[in-house]
Every structure is written in C-alpha cells, then in structure tokens.
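# Fold and contact review
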Amino acid sequence: MAFPTKPSQLTVFIRSLCKSYKMSAEAITRSKKSVVVGLGGFVAGPVCLVAHRHKIPVTLLNIDIVPGRANKIIARWAEEIFVQFEDTIKYFAKGKTKVNVVGCPLRSGFISPEPEKAMEQLGLDKKKKTLLITGASSGSANINQAICLLLEKLERFADNWQIVHLTGRDNFEQISSQNIHPKINYKVIGYFDEMPNLLAAADLVIGRSGAVSVAEFAAAAVPSICIPYPYHKDKHQYLNANKLVEVGATVIIDDLPNKKEFPERLWKELEELMNDKNKRQKMSQACQTVAKLQADLKIAEKLIDIIEKL
C-alpha cells in the first residue's frame, strides 16, 4: 500500500487503513504475549498503531538506507529498530529508540548454498563460467532489452561463459518469443526460486540494487554490475549499491533512457569484468567484508528477549 498522490485516491486509502486497523486489532489482542515487527510500508502502519495503543511492543525492520514515510512514523512507537546499514542510524537520530545494525534477513539457503543443484536444474556446463542477469523478482524491461541487444557481442565469450537470463514472469513471453539463438549457451527463464543456489553458481551478476538484492549479492560473494531503478524520488537503490561500491564489490551503471547509450555503457563494464578474472576475485572477496549472514538470528534473539520481559 503506497500513500496516494492524487486526492481522488485518498478516500479509498483511508478506508483501507481503517479496515486494516480493525482486522489488526482483532488478531493482535488474541494473544497475551506478543511483539509486532513492522516491515515497512503503509501496510504495516495500522498493525503497529494497534500494538502501540494496546501497549504491545513494536519493533521495526528498515533494510533500505533511507527510511520511507511510513517507517518514520512507525519509528515513533518502536521499542527497537533493526537496520541493514550503519548510514541509516542518522535518519532515526531524533528519537530515543535503540537502533541495531543487523543486516538484512535472508533465506537460510545463503548459509550453505548448493550451486551444483542450480546448474543441474538449468542444464549448465560446470566447466564454464556463468553470467546471471536478473531484474529482481518482477524483472526489468530495460535490462532485458539491453541484454538482447548485447547477445551478439557476448558470443565472443562462448568458449568459456554461459548466460542465465531471469526475465521476470511478466516479461518472459516477450523475450522468449523473439526467437533468439545466440552462439553462446543462453538460458532464458521467467523465475527461479532457489536464488541462493543460483547466485552461488554465478561468476558475475547484472541486476537491480534493491536492499534485498544488495544483501544477496554480498552474501553470495558474487561480483556484480548494479543498475539501480532510476525513478525512485529518494534514489535509494543508488545508495544501496554505493555501499558495495565503497568496498569494491560492484560497479554502478545508470539505467539511461537512451536505448543506445545504456547498452553501450553496460557492455564496456561487462566486457572488462568477463575478461578480468583477478578483478572478479577481488570483488568477490570485497563482498565478504560487508556480508551479514545472521541478521535473522540476531533479530529473533532480540524479539525473544522482549517477549520474555513481558
């Protein structure tokens, strides 16, 4: 649920909040010992407000560097705030709430990934390096189109590389229907659920830089080319990616509206990294300096502490 920008949508938004508040109250008050974790967005607002009014502890998880409007409101009621980045602390500095830098909770598969399974599922050659392209779970039309334009150039790497292109479910038919058959092992799929395994199998990844994606790239220790979504007002994907840039784990390419310039800039960085094994190794090692693989456990321990004090 996003805050409406048009007056005509405001009535519907308020009605939805009121309905959510009532449903939240019915659910939360059933338990004698509860703690609420707000995960961001206005959808979390009614739940956290109900908890606050019923004296039930509220905590907040903020994984982007810059908190959104809803999280800034929820922070007023929070007993503890969990963040992914040290830089986020300043945005909550006005309040007295304790802020803990724990990282971003990820699936347990990132602790012990099984890259062989992903390679077997996708029919990949274990002797070749793997370039993974992803626009996150929903895909990216701009990234998809840029890759299609670069496939002919990528053919020069056919002897040593293979490509897995995650288009996103909504974009799969459009890309697969183009009937592209480059002279390089090229797998086009709409979605892949076992991302810990696939990222562990990748030698280089191209993708967006949402908070979870950045955390996953670091956890998998995979060198990356980050292409931040350019239309967020606060540019938070640029800020997320920059935390990897600071340690040398990624490079950023702007998603330019110019359909010719964007692929050209992407190719310049991509060609260099595919040719430079040493640079990729250094980027992989840099990922390990910022990866936080136990965020979920740290948060769980804090929540248990809060419940035990009730």
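Data block above holds the structure.
It is worth spelling out the overall build of the protein chain at this point. When you go through the protein chain residue by residue, the secondary structure sums to 12 helices and 10 strands. For 310 residues, the compact-globule estimate of 2.2 N^0.38 gives 19 Å, and the C-alpha radius of gyration of the protein chain, at 21 Å, lies within 12% of that figure. Expressed as lengths along the three principal axes of its C-alpha atoms, the size of the protein chain is roughly 65 × 45 × 35 Å. Every one of the 310 residues in the protein chain was classed for burial, and the buried ones make up 47%. Excluding contacts between residues fewer than 6 apart, the proportion of contacts in the protein chain whose partners are at least 24 apart in sequence is 61%. As presented, the protein chain carries roughly 16,500 Å² of accessible surface, and 50% of it is formed by carbon and sulfur atoms. The protein chain carries 43 positive and 33 negative side-chain charges, and their two centres are separated by 7 Å.

Every buried residue of helix H2 (residues 45-53) is listed here: Gly-45, Pro-46, Cys-48, Val-50 and Ala-51. Following H2 by one or two positions, Lys-55 has its phi on the positive side, about 60°.

All chains considered together, the criterion is met by 2 aromatic pairs. Aromatic pair Tyr-229 and Tyr-231: ring centres 5.4 Å apart, planes at 80°, arrangement edge-to-face. Of the residues examined, Tyr-229 reaches a relative accessible area of 31% and is grouped as partly exposed. The aromatic ring of Tyr-191 is capped on one face by Arg-169, whose charged end is 4.0 Å from the ring centroid.

Throughout the structure, instances matching the rule amount to 9 salt bridges. For Glu-246, the salt bridge identified is with Lys-243, shortest N-O distance 2.9 Å. One end of the pair, Glu-246, and the other, Lys-243, are both in helix H9 (residues 236-247), 3 residues apart, so they sit about a helical turn from each other. One salt bridge in this structure joins Arg-265 and Glu-261, with 2.8 Å as the shortest N-O distance. In this pair, Arg-265 and Glu-261 are both assigned in helix H10 (residues 261-275), 4 residues apart and thus about one turn of the helix distant.

The subject of this paragraph is the nonpolar core. Leu-132, Phe-192, Leu-198 and Leu-199 are the most contacted members of the largest nonpolar core, which totals 32 residues. Elements supplying a minimum of two residues to this core: helix H4 (115-122), strand S6 (161-166), helix H7 (195-201), helix H8 (211-220), H9 and helix H11 (277-290). Top element by residues in this core is H8. It accounts for 6 residues. If sequence neighbours within four positions are ignored, Leu-198 has contacts with Ala-118, Leu-122, Leu-132, Val-164, Leu-166 and Phe-192. Listed in part, the 30 residues of the second largest apolar core include Leu-150, Leu-154, Ile-227 and Val-251.

Backbone geometry at Lys-55 places phi at a positive 60°, although glycine is not the residue there. Mapped onto the elements, Lys-55 comes out in the loop between H2 and strand S2 (58-62). Non-glycine residue Lys-235 carries a positive phi angle of around 55°. Structurally, the position occupied by Lys-235 is in the loop between strand S9 (224-226) and H9.

Further remarks concern the packing of H8 against H9. In contact at an axis separation of 9 Å, H8 and H9 are set at 20° when each is read in the N-to-C sense. Compared by their axis directions, H8 and H9 come out roughly parallel. Considering how the two elements wind past one another, H8 and H9 form a crossing that is right-handed. Along the contact surface, H8 presents Ala-211, Val-214, Phe-217 and Ala-218, while H9 presents Asn-240, Ala-241 and Leu-244.

Cut-offs used in this document
In this numbering scheme, every chain counts its residues from 1 along its sequence in written order. pLDDT decides what is reported in this predicted model: residues at 70 or higher carry local features, side-chain atom pairs at 80 or more are listed and counted, and totals for whole chains, interfaces and linings draw on all residues regardless. Heavy atoms throughout the structure, all of them, feed into the side-chain values; hydrogens and water do not. The way it works is that DSSP assigns letters per residue, a run of H or I at least four long becomes a helix, a run of E at least two long becomes a strand, and they are numbered from the N terminus. What the globule rule says is 2.2 Å times the number of residues to the power 0.38, and the radius of gyration is computed from C-alpha atoms. Throughout, exposure labels follow a simple rule: accessible area from a 1.4 Å probe, protein chains only, divided by the maximum for the residue type, with under 20% read as buried, over 50% as exposed, and the rest as partly exposed. We call two residues in contact when some of their heavy atoms are within 4.5 Å. With residues, only the protein chains shown are counted as cover, and all accessible areas are computed by Shrake-Rupley using a 1.4 Å probe. Only four residue types enter the tally: Lys and Arg on the positive side, Asp and Glu on the negative side, with His and both chain ends excluded. Where a charge sits is defined by one atom per residue type, namely NZ (Lys), CZ (Arg), CG (Asp) or CD (Glu). Here the aromatic set is Phe, Tyr and Trp, taking the six-membered ring for Trp, and pairing holds for ring centres within 6.5 Å; pairs whose planes are under 30 degrees apart are stacked, those over 60 apart are edge-to-face, and all others are tilted. By definition, being over a ring means that NZ of Lys or CZ of Arg is both within 6 Å of the ring centre and within 35 degrees of the ring normal. Here, a salt bridge means any side-chain nitrogen of Lys or Arg that lies within 4 Å of a carboxyl oxygen of Asp or Glu. Nine residue types can take part in a nonpolar core, namely buried Ala, Val, Leu, Ile, Met, Phe, Trp, Tyr and Cys, and a core is a set of them joined through side-chain atoms within 4.5 Å. Every axis corresponds to a line fitted to the C-alpha atoms, with the helix fit spanning only the stretch in contact, and the corresponding angles, defined between N-to-C directions, vary from 0 to 180 degrees. Convention used here: angles under 35 degrees read as roughly parallel, angles over 145 as roughly antiparallel, angles from 65 to 115 as roughly perpendicular, and any remaining angle as oblique. Crossing handedness is defined as follows: a turn of the near helix away from the far one that is anticlockwise and smaller than a right angle gives a left-handed crossing, while the clockwise case is right-handed.

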